[in-house]
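# Understanding the architecture of this molecule
Spelled out, the chains give:
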2 protein chains.
Amino acid sequence: MENALKIYQDTTKKLKAFHLAMFLHGWDSSTEAPSGCMGFRSLQLGTLSEMFYRTNTNPDYEAAIETLYQSREQLELVMQHEIVEVRKNLIKTKKIPLADYVAYSELMAKVYPIYVEAKQTNNYELYKPYLRQIIDYRIKYLELQKTETMKGYNIFLDEFESGFNIEDYDHFFNTLKERLVPFAKSVAKRKLIYRKAFTKKQFSVEKQKAFAKYLQEVFCFDAKRTVIKESEHPFTTSNGTTDVRITTHYHPDNLASAIFSCIHEMGHGLYELQVNPALDFTQSGGGASMAMHESQSRLMENMIGRSEVFWTTHFHKLQELFPKEFKNTTVHDFVKYVNQVEKSFIRTEADELTYSLHIMIRYEIEKLIFSHKADLDKLPDLWNKLYKKYLGITVINDTTGILQDVHWSQGMFGYFPTYALGSAYAAQIYHAMNKDLNIEKTIQSGTLKDIAQWLSTHVHQYGASKDPKTILKLATGEDFNPNYYVDYLIEKYSKLYEIQ
Amino acid sequence: MENALKIYQDTTKKLKAFHLAMFLHGWDSSTEAPSGCMGFRSLQLGTLSEMFYRTNTNPDYEAAIETLYQSREQLELVMQHEIVEVRKNLIKTKKIPLADYVAYSELMAKVYPIYVEAKQTNNYELYKPYLRQIIDYRIKYLELQKTETMKGYNIFLDEFESGFNIEDYDHFFNTLKERLVPFAKSVAKRKLIYRKAFTKKQFSVEKQKAFAKYLQEVFCFDAKRTVIKESEHPFTTSNGTTDVRITTHYHPDNLASAIFSCIHEMGHGLYELQVNPALDFTQSGGGASMAMHESQSRLMENMIGRSEVFWTTHFHKLQELFPKEFKNTTVHDFVKYVNQVEKSFIRTEADELTYSLHIMIRYEIEKLIFSHKADLDKLPDLWNKLYKKYLGITVINDTTGILQDVHWSQGMFGYFPTYALGSAYAAQIYHAMNKDLNIEKTIQSGTLKDIAQWLSTHVHQYGASKDPKTILKLATGEDFNPNYYVDYLIEKYSKLYEIQ
């Protein structure tokens, strides 16, 4: 047992060292690496991955995990949870024959440029045979991973959100169907009236950066342990709790884009910063799950960052930086602007109210695919029919329809639902937090210190040392309940759109 | 043999993968990593170093090297050279007992802050006992590494410049003593007359960056394979020939600083870019030696970058960027400014003419230390005496005297001489290149394409696949001859200072 623990800890150290290399590579390649370097570097990355794989599947390490698993009652709580998770993942990894793994990786590399071309040229037929191959591999994968207690699409759902299955998600999305779909349709018929002149202005990137710095203070995004930089697509990455990095993309003609992407990524980042630092040395660091991570970014971006009270507190700073651009603009104009609901074909551009309906459509299609009830030849029709049904939109082409998201071309099924679940977690967590704090008052104080502290205590500190369902219950005192989310949306948008 | 080659190549791949990690870490930590991240990261680095060490001393790898070494006549030329070098380094590594290695690393970590304090407070006595410990370790190291054919200080010299020993360096520095010391003294008595008003101006960092971009074009520093960024101290780093990065530091009150550090680092960088790309996959990539690397940076910085013809060609660009700052300044004023000789205590601020005399002083002291003829108690006196003798300067305190350089506190002895040797190589290479090209005419053309091409063919392409002495002979047709260097300096400064 003692020996097993030593082997386990030594291997963890090695895996963490490889993580540093991959963290630095990912950050570098997305922000500043020269375009010509990737050929040679990809060979080095291949070798690093191979060394990582060998470390992770070393027979001594495997044996140690098994020993620890058998005597897990004697372990501390964090290790008890960790060893179950690590063992589960290792068993899954080992079920995939090396030949399949290699063939699948090659397929992935081949598909990406084809997907991009298909999207650019509105050509689903070009993409279809590859999508079929991907799905065939994923079905084969599900067969390999099938157990007594879990099979089919549930396996994917569980991989992205441990403990959530079709039943859970159906319950969630049915609530949205019953309560949110009709409400969203009634909102979409109305128009927000506000002075829009400022939306046509150009906003200096230097000043936008200054505002990002200001937001960093407000959101307590510790400058000593973070980097904020630019990249094509915004993202968050971290190496433990002492090095958390986010990126944004500044658009001179769209001030809101960088503001809300920055707040969104700081939400993710604050989670990583506030995990118990002792977990840096374990395999239980980082966020608990995809949806729990998304809950933290959405809570900051939408529930706090787009609230009226947030902007009555901070709009003066924007006006100070952009006096000409915001001449004659009131804070109410700005709040309406950043909360307007618009029928949109594109998920990533969707407003807060309709976002999860885009996700619901993808969830329904994925369920059909993996219960063998979807006809790939007619997938665009299915897509378009569901957009009509739930969003009242007539999709005009596949580029803005079924080809808009990269996920399926990367074999990622079961991931989308976590985006919507995250928003719903956020509403439930917000509701619980509001019992302990007066959130509006806290926001008015100018700093989100108390909110960061509450999230640290009730969510962040646990890292991945507990399941998301457990953390949600600890934080909110109850099981997942999607009605908080729908209640929040209906209340917010009824007020904004003056619906009785 | 075939099996040995496979093991050798597989291990090389792994070592290259670790190199990527260390390259990214070094770059990141010097340019943008958050200050708080190093505690946790240093543990990961420790693990990476340990994995690197184990890979490098794996018994199978060692046996493969021995097999290849025994049959080296059957190997291709590059591999023949490489296997000799790799075997030599491995034998050296293995001669150090692990306990010594650990104790020495600990000492190094302890000394640095003490060295910094001693320098800041002008307190040699504080530093002295640690310097003594470092020297004792280095003497022990020399004992361990002693062979039939090499012992003492020669071992250090050979490590930094393969093939160069005390005899070679004595010959070099004696030439400087005889010819350069008296000339430099006569120059130091004179003053360059020029309009200096521009030296008191402030120069916008944004515009300095624009000039760096311009220089990047002039020096053919391929934008697709390079990054130029900022850091506290300028440096060059690379990951093979497809990713070469330099930094500079912009001073608003000193335009020349960033210009010449940028050109200097591009000289290093161009070398790395132009190594035969096939060597990326071997252990013979990168530069041939410290001095050969320095020769390329000094050739670009001093012989080209500070030449009159360079500035008659490019001064218009500076004037275009800084019209106000350079009002009433002629190109001749600027050329005098960047070439003026000033008595300086500080090596890193020394002018081109006297730089190597600073190095000569360090070389003499190092020789005395490792022949047990230096009294550490009186080392500052020795330092000051030599500054008086060779540079005619009375050193005012140890901060600007013996404590100015960090090298000895890091155990680096035998390194300094390569700085001066590099300048001397540069002059000999320039002389040879000028027979094939008309260098002045090439500079006037506005691009250094032909010079880059010549250096690629005659120096860069070989990487570390040959010894520096061999490359110098191939490039210039003769053995090292320090007179080219002295001739060049005397000609340049006689003209500038109007000395007949």
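For the structure, see preceding data.
Residues numbered from 1 in each chain as written. Chains lettered and ligands numbered in written order. Predicted model: local features only at pLDDT ≥ 70, side-chain atom pairs only at ≥ 80, totals over all residues. Heavy atoms only, no water.

### Considering the sheet that holds strand β3 (residues 244-248) of chain B
All names here are of chain B. The strand order β1-β3-β2 describes an open sheet built from three strands, whose pairing is mixed. Two strands bound the open sheet, and with one partner strand each, they are β1 (226-230) and β2 (236-238). Across this sheet, the average inter-strand angle for adjacent strands is 20°, counted without regard to direction. In the sheet, β1 pairs with β3 via five bridges, with the strands oriented parallel. If you follow K229 over to β3, its bridge partner there is T247. (Pairing = 2+ DSSP bridges. Helix = DSSP H or I, 4+ residues; strand = E, 2+ residues; numbered from the N terminus. Axes fitted to C-alpha atoms, helices over the stretch in contact; angles between N-to-C directions.)

### Notes on the packing of helix α10 (residues 255-273) of chain A against helix α11 (residues 290-304) of chain A
All names here are of chain A. Contact geometry for α10 and α11: axes closest at 7 Å, N-to-C directions at 135°. Overall, the two elements α10 and α11 adopt an arrangement that is oblique. Seen from above, α10 lies across α11 with right-handed handedness. Contacts between α10 and α11 pair F260, I263, H264, G267, H268, L270, Y271 and E272 from the former with M292, H293, E294, Q296, S297, R298, M300 and E301 from the latter. Within the contact of α10 with α11, the residues separate by chemical class into six nonpolar, six polar and four charged. (Parallel < 35°, antiparallel > 145°, perpendicular 65-115°, else oblique. Left-handed = near helix turned anticlockwise from the far one by under 90°. Contact = heavy atoms within 4.5 Å. Nonpolar A, V, L, I, M, F, W, Y, C, P; charged D, E, K, R; others polar.)

### Description of the relation of the copies chain A and chain B
Mapping chain A onto chain B is achieved by rotating through 180° and translating by 0.0 Å along the same axis, at an RMSD of 0.0 Å. Those values place the two copies in the arrangement expected of a two-fold rotation axis. No C-alpha of chain A approaches the rotation axis more nearly than that of A21(A), which lies at 2.4 Å. (Least-squares fit on C-alpha atoms with pLDDT ≥ 70 in both.)

### Focus on the interface of chain A and chain B
Taken together, the contact pairs 38 residues of chain A with 38 residues of chain B. In total, chain A and chain B occlude about 3100 Å² of area from one another, counting both sides; carbon and sulfur atoms represent 65% of this. At the boundary of chain A with chain B, the tally comes to eight salt bridges. For D28(B), the salt bridge is made with R245(A), and the minimal N-O distance between the two is 2.7 Å. Our count for the contact surface shared by chain A and chain B stands at 14 residue pairs in polar contact (both at pLDDT 80 or more). Listed by contribution, the elements that provide at least two residues to the side of chain A that touches chain B are α1 (2-31), α2 (38-56) and β1 (226-230) of chain A. Of the residues forming the side of chain A that touches chain B, the biggest block, 11 residues, is contributed by α1(A). (Buried area = accessible area lost by both parts, 1.4 Å probe. Salt bridge = Lys/Arg side-chain N within 4 Å of Asp/Glu carboxyl O. Polar contact = N/O pair within 3.5 Å; in protein donor to acceptor, adjacent residues only side chain to side chain.)

Fair warning: the whole summary comes from geometry, so function is off the table for now.
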